[in-house]
Amino acid sequence: MTNVLTGLPVIVQVCEAGRPTAFWWCNRRHVVAEMLCHWDESYCSSVHWLVRTNCGKRVTLIYYRCEEQWYVDWACE
């Protein structure tokens, strides 16, 4: 089975429990102000966090375990 990756590669800062606390986009640090939703898609080895940033934008931060890489997918408002 082939994984289809969504989003754009991003650097994410996580807490000790592995939850995202901030990410860098366009040379700017965005702080996670609120965790809205979290789900694990074990069939494609990814974990998703829908969060609200400190500037009020909703984004999904996606961690692909097989790549050990984070991606950001900006939610439409």
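Remember, predicted model here, so these are calculated numbers, not experimental data.

Cut-offs applied
- Residues numbered from 1 in each chain as written.
- Predicted model: local features only at pLDDT ≥ 70, side-chain atom pairs only at ≥ 80, totals over all residues.
- Heavy atoms only, no water.
- Helix = DSSP H or I, 4+ residues; strand = E, 2+ residues; numbered from the N terminus.
- Buried < 20%, exposed > 50% of the residue type's maximum accessible area, 1.4 Å probe, protein only.
- Contact = heavy atoms within 4.5 Å.
- Areas by Shrake-Rupley, 256 points an atom, 1.4 Å probe, with all protein chains shown as cover.
- Phe/Tyr/Trp six-rings, centres within 6.5 Å; stacked < 30°, edge-to-face > 60°.
- Pairing = 2+ DSSP bridges.
- Axes fitted to C-alpha atoms, helices over the stretch in contact; angles between N-to-C directions.
- pLDDT = per-residue confidence, 0-100.

Another point: the overall build of the chain. Along the chain, the regular secondary structure elements total 0 helices and 6 strands. Each helix and strand of the chain, placed in order from N terminus to C terminus, yields the pattern β-β-β-β-β-β. For the chain, with 77 residues in total, the buried portion stands at 31%. Contacts in the chain between residues at least 24 apart in sequence constitute 28% of all its contacts with a sequence separation of at least 6. Carbon and sulfur atoms form 51% of the exposed surface of the chain, whose accessible area is close to 4,900 Å².

Attention now goes to the packing of aromatic side chains. The final tally for this structure, using the stated rule, is 5 aromatic pairs. When the centroid spacing of 5.1 Å and the interplanar angle of 45° are considered together, the rings of Tyr-63 and Trp-70 count as tilted. A relative accessible area of 22% places Tyr-63 in the partly exposed class. Among the aromatic side chains, those forming a connected cluster through ring pairs are Phe-23, Trp-25 and Trp-74.

Let's shift gears to the sheet that holds strand S2 (residues 20-25). If you walk around this closed barrel you meet the 6 strands as S1-S2-S3-S4-S5-S6, and the pairing is antiparallel. The mean angle between the axes of side-by-side strands here comes to 45°, regardless of whether they run parallel or antiparallel. As paired strands, strand S5 (residues 58-64) and strand S6 (residues 69-74) are joined by 6 bridges and run antiparallel to one another. Among the inter-strand pairings, Tyr-63 is bridged to a residue of S6, identified as Trp-70.

On to unusual backbone geometry. Positioned with a positive phi, Cys-26 is a non-glycine residue whose angle comes to about 55°. Here Cys-26 shows up in the loop between S2 and strand S3 (28-41). Residue Cys-26 is classed as exposed on the basis of its relative accessible area of 62%.

Before going further, it helps to spend a moment on the confidence of the model for the chain. Averaged over every residue, the pLDDT of the chain is 88; the share at 70 or more is 88%. Across the chain, S2 holds the top mean pLDDT of 96, while S6 sits lowest at 92.

So, about the pairing of S5. In terms of burial, S5 is a largely internal element, 5 of the 7 residues being buried. Where strand S4 (residues 46-53) lies against S5, 7 bridges are found, and the strand directions are antiparallel. Within S5, the position partnered with Val-47 by the bridge is Tyr-63. The hairpin turn running from S5 into S6, its antiparallel successor, is 4 residues long, and Glu-68 in that turn takes a positive phi close to 55°.

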